[in-house]
Amino acid sequence: MNFKVGVGKSDFEALRKSNNYYVDKTAIMYELVEETDHQVTLFTRPRRFGKTLMMSMMSSFFSIRKESRDLFKGLKITEHNEFCRKWMNQYPVLFISFKDAEAGEFGAAYEK
């Protein structure tokens, strides 16, 4: 199977459906829920290191408004059957990204 490199793509669903190369980071969802006791998790990475893609992946997994079993087929998270049954597409998700709020001054960024 030929995979394409989707440079700059930050939408998990679009990335998976377009057959782009994807480094599987789905196991982090299992670790965050089952192996930590955090109430809040902050993902800090430099620009262009996949923060929005990570949030998009998590939204696709947890959101009650989606049916995403096919998106996750073959990925690491599906090895945890009970976890997927309990968590996949079961919860309301609020997704906010500031990646497009780039401007030369605060007022202009605030408007975006």
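Residues numbered from 1 in each chain as written. Predicted model: local features only at pLDDT ≥ 70, side-chain atom pairs only at ≥ 80, totals over all residues. Heavy atoms only, no water.

### Let's talk about the overall build of the protein
Each helix and strand counted, the protein has 6 helices and 0 strands in total. Across the protein, helices and strands are ordered from the amino to the carboxyl terminus as α-α-α-α-α-α. Overall size of the protein, expressed as C-alpha extent along the three principal axes, is 50 × 40 × 25 Å. Among the 112 residues that make up the protein, the fraction classed as buried is 27%. The contacts in the protein between residues at least 6 apart in sequence include a share of 60% that link residues at least 24 apart. Accessible area of the protein: about 8500 Å², with a carbon and sulfur share of 52%. In the protein, 18 side chains carry a positive charge and 15 a negative one; their mean positions are 5 Å apart. (Helix = DSSP H or I, 4+ residues; strand = E, 2+ residues; numbered from the N terminus. Buried < 20%, exposed > 50% of the residue type's maximum accessible area, 1.4 Å probe, protein only. Contact = heavy atoms within 4.5 Å. Areas by Shrake-Rupley, 256 points an atom, 1.4 Å probe, with all protein chains shown as cover. Lys, Arg positive; Asp, Glu negative; His and termini not counted. Charge placed at Lys NZ, Arg CZ, Asp CG, Glu CD.)

### Some words on the packing of helix α2 (residues 27–34) against helix α3 (residues 51–62)
Viewed as axis vectors pointing N to C, α2 and α3 meet at an angle of 70°, and their least axial separation amounts to 10 Å. With respect to α3, the element α2 is oriented roughly perpendicular. Of the residues in α3, those in contact with Ile 28, Met 29, Leu 32 and Val 33 of α2 are Met 54, Met 57, Met 58, Phe 61 and Phe 62. For the contact of α2 with α3, the class distribution of residues is 9 nonpolar, no polar and no charged. (Axes fitted to C-alpha atoms, helices over the stretch in contact; angles between N-to-C directions. Parallel < 35°, antiparallel > 145°, perpendicular 65-115°, else oblique. Nonpolar A, V, L, I, M, F, W, Y, C, P; charged D, E, K, R; others polar.)

### Observations concerning the pattern of salt bridges
Across all of its chains, the model carries 4 salt bridges by this definition. Between Asp 70 and Lys 73 there is a salt bridge, and its shortest N-O distance comes to 3.3 Å. Since its relative accessible area comes to 62%, Asp 70 is described here as exposed. Between Lys 76 and Glu 79 there is a salt bridge, with its nearest N and O atoms 3.3 Å apart. (Salt bridge = Lys/Arg side-chain N within 4 Å of Asp/Glu carboxyl O.)

### Quick word on the nonpolar core
In this structure, Phe 12, Met 29, Met 57, Phe 61 and Phe 72 are the most contacted members of the largest nonpolar core, which totals 19 residues. Among the secondary structure elements, those contributing two or more residues to this core are α1 (12–17), α2, α3, α4 (69–72) and α5 (81–87). Here this core takes 6 residues from α3, the largest share from any one element. Here Met 57 is in contact with Phe 12, Tyr 22, Lys 25, Thr 26, Ile 28, Met 29 and Phe 72, once residues within four sequence places are set aside. (Core = buried A, V, L, I, M, F, W, Y, C linked by side-chain atoms within 4.5 Å.)

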